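Residues per chain, in single letters:
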Amino acid sequence: MHDPDILFLDEPTSGLDPVNARILKDIILDQKAKGKTIFITTHNMHDADELCDRISFIVDGELMITETPKKLKLKHGKPKVRVEYSENGRAAKVEEFPIANLGKDSRFLEIVKNCEVISIHSQEASLDEVFIKITGKNLV
């Protein structure tokens, strides 16, 4: 092959099992690291999030937005973390805390210090949610 500077890939992982999709994504990331410009069309927002520096949503031929995945997820999500924890062996509880000043939130610190933390997740939006919100359409 001739080692092009620009690659156009249409649904590159569509129909692939997870192992082969991973192999192909690693090839794409390797080409990206070599400075190649890569355009990917995909309905798979997980792949777009993993592979792309910027994403664009095009609906009915119209460019709706172009932005980094991180900025889109933060802009359309909630600036909170959700903590799932167990206290004194009881059933799991869930509480949400604002990210701002999280390290100074006495209740959050109490949970982290004194309870069995099961999970902590930011409440940023997924790219699926962002796509639906911006375009008003479900992914096909």
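Look up: the structure comes first, before these words.
Per-chain numbering applies: the sequence of each chain, read as written, is numbered from 1 onward. A pLDDT threshold of at least 70 governs which residues receive local features in this predicted model, and a stricter bar of 80 or more applies before side-chain atom pairs are shown or counted, although totals over entire chains, interfaces and linings include all residues. Water and hydrogen atoms were dropped before computing side-chain values, which therefore reflect all heavy atoms in the structure.

### Points about the packing of aromatic side chains
Here's step 1: Paired rings are identified among Phe, Tyr and Trp, the last through its six-membered ring, by centres lying within 6.5 Å, and are further divided according to the angle between planes into stacked (under 30 degrees), edge-to-face (over 60) and tilted (the rest). Scanning the model with the defined rule gives three aromatic pairs in all.
Here's step 2: Between Phe8 and Phe39 the ring centres are 5.0 Å apart and the planes differ by 5 degrees, which places this aromatic pair in the stacked class. Taken as a pair, Phe8 in strand β1 (residues 6–10) and Phe39 in strand β2 (residues 37–41) lie far apart in primary sequence, 31 residues in all.
Here's step 3: An angle of 70 degrees between the planes, with centres 5.5 Å apart, marks the rings of Phe97 and Phe108 as edge-to-face. In this pair, Phe97 sits in strand β6 (residues 93–98) while Phe108 sits in helix α4 (residues 106–114), placing the two residues 11 residues apart along the sequence.
Here's step 4: Burial here depends on accessible area, computed with a 1.4 Å probe over protein chains only, as a share of the maximum for the residue type. Under 20% is buried, over 50% is exposed, and the range in between is partly exposed. The exposure class of Phe97 is buried, given its relative accessible area of 4%. Strands are runs of DSSP state E lasting at least 2 residues, helices are runs of H or I lasting at least 4, and numbering of each runs from the N terminus.

### Structural notes on the sheet that holds β6
Here's step 1: One requirement defines pairing of two strands: DSSP has to find at least two bridges between them. The antiparallel open sheet is built from three strands, whose spatial order is β6-β5-β7. Across the chains shown, the open sheet's two edge strands, defined by having one partner strand only, are β6 and β7 (116–123). Neighbour-to-neighbour, the strand axes of the sheet open up by a mean angle of 20 degrees, direction not taken into account.
Here's step 2: Note that strand β5 (residues 78–86) and β7 share seven bridges and pair antiparallel. In the strand pairing of β7, Ser86 is matched with Glu116. Angles run from 0 to 180 degrees between N-to-C directions of axes, and those axes are lines fitted to C-alpha atoms, restricted for helices to the stretch in contact.

### Quick word on helix α5 (residues 127–135)
Here's step 1: By the burial criterion, the buried members of α5 are Leu127, Val130, Phe131 and Thr135. For α5, the angular spread of the buried residues around the axis is 105 degrees, confining them to a single face.
Here's step 2: Against α2 (45–51), β3 (55–59), β4 (62–67) and α3 (69–76) lie the buried residues of α5.
Here's step 3: A positive phi of about 75 degrees marks Gly136, the residue just after α5. As used here, the arc belongs to the directions running from the helix axis to the C-beta atoms. Contact definition: two residues touch when any of their heavy atoms are within 4.5 Å.

### What about the pairing of β4?
Here's step 1: Pairing of β3 with β4 involves five bridges; the strand directions are antiparallel. The residue of β4 that forms the bridge with Phe57 is Ile65.
Here's step 2: Linking β3 to β4, which pair antiparallel, is a turn of two residues; within it Asp60 sits at a positive phi near 50 degrees.

### Quick word on the nonpolar core
Here's step 1: For the purposes of this section, nonpolar cores are sets of buried Ala, Val, Leu, Ile, Met, Phe, Trp, Tyr and Cys residues that join through side-chain atoms within 4.5 Å. Counting residues in hydrophobic clusters, the biggest one holds 12 residues: Ile28, Met45, Ala48, Leu51, Cys52, Ile55, Phe57, Leu72, Ala125, Leu127, Val130 and Phe131.
Here's step 2: At the level of secondary structure, the elements contributing two or more residues to this core comprise α2, β3 and α5.
Here's step 3: If sequence neighbours within four positions are ignored, Ala125 has contacts with Lys73, His76, Gly77 and Val130.

### A word on the pairing of β2
Here's step 1: Two strands pair when backbone bridges link them, and β1 and β2 are joined in this way by five bridges, in the parallel orientation. Bridged to Leu9 within β2 is Ile40.
Here's step 2: On the question of chirality, the crossover connecting β1 to the parallel β2 by way of helix α1 (residues 18–33) is right-handed. Seen with the strands pointing away from the viewer, any crossover whose path from the first strand over the helix to the second strand runs clockwise is right-handed.

### Looking at the environment of Pro69
Here's step 1: Mapped onto the secondary structure, Pro69 falls in helix α3.
Here's step 2: Separated by 64 residues in sequence, Pro69 and Asp5 place their C-alpha atoms 23 Å apart.
Here's step 3: Look past the residues within four positions of Pro69 in its chain and what remains in contact with it is Ala48, Asp49, Cys52, Asp53, Arg54, Ile55 and Leu127.

Geometric values such as these leave the question of function open.
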